[in-house]
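What follows is each chain in one-letter form.
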Amino acid sequence: MRIDAYMQVNQLYNTNKSKNGAKSGKTSSKDSLEISSFGSAYQVAKQAASQSSDVREDKIKEIRAQMAAGTYSVSLEDVAEKMADKLLS
């Protein structure tokens, strides 16, 4: 058995431990989070969109008034286009 090789390996491990211990003692970093202005604006817009209604009441009132007056009409091309979009997507 070669003791001198063991001593060299042991010395390497001991020196690495002391270096790592010194580094870990000096560093005391904290995690931080910064939100960009775009991210902040996106959060505000997302919150405003979630609070708003999915139904446009003004549009519904307008269409109901047209239906009551008998002036509401939808072109067949528009209906066909919407149906095709729904089926193909």
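The preceding data block contains the structure.
Residues numbered from 1 in each chain as written. Predicted model: local features only at pLDDT ≥ 70, side-chain atom pairs only at ≥ 80, totals over all residues. Heavy atoms only, no water.

Within the chain, the secondary structure is distributed over four helices and zero strands. Reading the helices (α) and strands (β) of the chain from amino to carboxyl end gives α-α-α-α. A buried classification covers 1% of the 89 residues belonging to the chain. As presented, the chain carries roughly 9000 Å² of accessible surface, and 56% of it is formed by carbon and sulfur atoms. (Helix = DSSP H or I, 4+ residues; strand = E, 2+ residues; numbered from the N terminus. Buried < 20%, exposed > 50% of the residue type's maximum accessible area, 1.4 Å probe, protein only. Areas by Shrake-Rupley, 256 points an atom, 1.4 Å probe, with all protein chains shown as cover.)

On the surface, Glu77, Asp78, Glu81 and Asp85 cluster together into a patch of negative charge. Here Asp85 lies in helix H4 (residues 76-88). Look at Asp85 and you get partly exposed, because its relative accessible area is 43%. (Patch = residues over 30% accessible without salt bridge, like charges linked within 9 Å, V, L, I, M, F, W, Y side chains within 5 Å. Salt bridge = Lys/Arg side-chain N within 4 Å of Asp/Glu carboxyl O. Lys, Arg positive; Asp, Glu negative; His and termini not counted. Charge placed at Lys NZ, Arg CZ, Asp CG, Glu CD.)

A surface patch of nonpolar side chains, amounting to about 470 Å² of accessible area, comprises Met67, Tyr72, Val74, Val79 and Met83. Mapped onto the secondary structure, Val79 falls in helix H4.

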